[in-house]
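Structural overview for review
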Amino acid sequence: MTQAAPSSARVRAGVLISGRGSNLAALIDAAKDPDYPAEIVVVLANAAGAGGLEIARNAGIAAIAIDHRPFKGDREAHEQAIDAALRGAGVELVALAGYMRIFTPWFVQAWRGRMINIHPSLLPHFPGVDTHARALAAGHDRHGCTVHWVTEGVDAGPIIGQAEAPILYGDTVETLAARVLTQEHRLYPQCLAQAARSLHSATQPFSSLAVEDRCRSS
Ligand code: GRF
């Protein structure tokens, strides 16, 4: 029988959210396995109403709202509060899961090589917002999601993994978003695990899933 790894052997992950937290829920589920290489030690949101905070609390994970509004546009001051909360929780790796704020270079540098993001498109297609509408308008026959390391460019860092979803005749933004989201929930736990393992590998600071390991929708 395999012995459960002691929790100190797992990478301490913090998740940043802004909304409902369905990707957070997928990560929490994956991390319930004692063999999963990361544990989620804190969840932070920039709004107290973010639904994902409740998901975290129900799972017994510290969940903290640090509202950006009292910082009155001083983005770096807000990020310093986020940074302090992450470091206070002993976080080694940050996973952005629907976190809707763009970071200053200061925060990106502070977590460089230790922060990943999930984006609902097959990057480099459609960085930014409204990805599903743009994929439909472009007439593509496939779409999907990407997990990547966070660098200064928006949705531009090295790719860890991608999962495809077909675009079907009659799709709307809603039907397509739901199909992609199912793939996100499969992909993100795999990629967080890969990122966590790479933190222990000095030779691979920005590791990727091998192409053959990437999720493909059937
Ligand atoms: C996901 O589609 C993610 O790719 C994007 O924001 C959405 C967050 O959804 N960055 P949820 O809060 O994880 O349900």
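Structural notes, computed from the coordinates. (Residues numbered from 1 in each chain as written. Predicted model: local features only at pLDDT ≥ 70, side-chain atom pairs only at ≥ 80, totals over all residues. Heavy atoms only, no water.)

Side note on the nonpolar core
Core analysis: the biggest nonpolar cluster contains 42 residues, and V15, I17, V43 and I116 have the highest contact counts within it. For this core, the element with the most residues is helix 6 (residues 173-199), which contributes nine residues. Beyond its immediate stretch of four places on either side in the chain, V15 contacts L24, L27, I40, V42, V43, L44, A95 and A97. Judged by nonpolar contacts, the second largest core, of 19 residues, contains V41, V94, V108 and M115. (Core = buried A, V, L, I, M, F, W, Y, C linked by side-chain atoms within 4.5 Å. Buried < 20%, exposed > 50% of the residue type's maximum accessible area, 1.4 Å probe, protein only. Helix = DSSP H or I, 4+ residues; strand = E, 2+ residues; numbered from the N terminus. Contact = heavy atoms within 4.5 Å.)

Some points on the layout of surface pockets
Space inside the largest pocket adds up to approximately 970 Å³. If you list the elements that add at least two residues to the lining of the largest pocket, you get helix 1 (22-31), strand 5 (115-119), helix 5 (131-137) and helix 6. Counting residues per element, the lining of the largest pocket draws most heavily on helix 6, at four residues. Here the residues of the lining of the largest pocket sort into 16 nonpolar, 14 polar and six charged. (1 Å grid on protein atoms, 1.4 Å probe; cavity = no way out; pocket = protein on both sides within 12 Å on 5 of 7 lines; lining within 4 Å. Points joined across faces, edges and corners; volume = space filled by probe spheres on them. Nonpolar A, V, L, I, M, F, W, Y, C, P; charged D, E, K, R; others polar.)

Here we look at the sheet that holds strand 2 (residues 38-45)
Taken in spatial order, the seven strands of this open sheet run 3-2-1-4-5-6-7, and their pairing is mixed. This sheet does not close on itself; its edge strands, each paired only once, are strand 3 (62-65) and strand 7 (159-166). Adjacent strand axes in the sheet meet at a mean angle of 20°, parallel and antiparallel pairs treated alike. Alignment of strand 5 against strand 6 (residues 142-149), held across four bridges, turns out to be antiparallel. Bridge assignment links I118 to a residue of strand 6, and that residue is V147. (Pairing = 2+ DSSP bridges. Axes fitted to C-alpha atoms, helices over the stretch in contact; angles between N-to-C directions.)

Some details on the side chain of D155
Summarising the element assignment, D155 is placed in the loop between strand 6 and strand 7. For D155, which is buried and forms no salt bridge, the nearest opposite charge comes from R134, at a distance of 7.2 Å. Of note is the side chain of D155, whose polar atom sits 3.5 Å from the side chain of N117. Side-chain polar atoms of D155 contact the backbone nitrogen of G128, separated by 2.8 Å. With residues up to four places along the chain from it excluded, the contact list for D155 reads N117, H119, L123, P127, G128 and H148. (Lys, Arg positive; Asp, Glu negative; His and termini not counted. Salt bridge = Lys/Arg side-chain N within 4 Å of Asp/Glu carboxyl O. Polar contact = N/O pair within 3.5 Å; in protein donor to acceptor, adjacent residues only side chain to side chain.)

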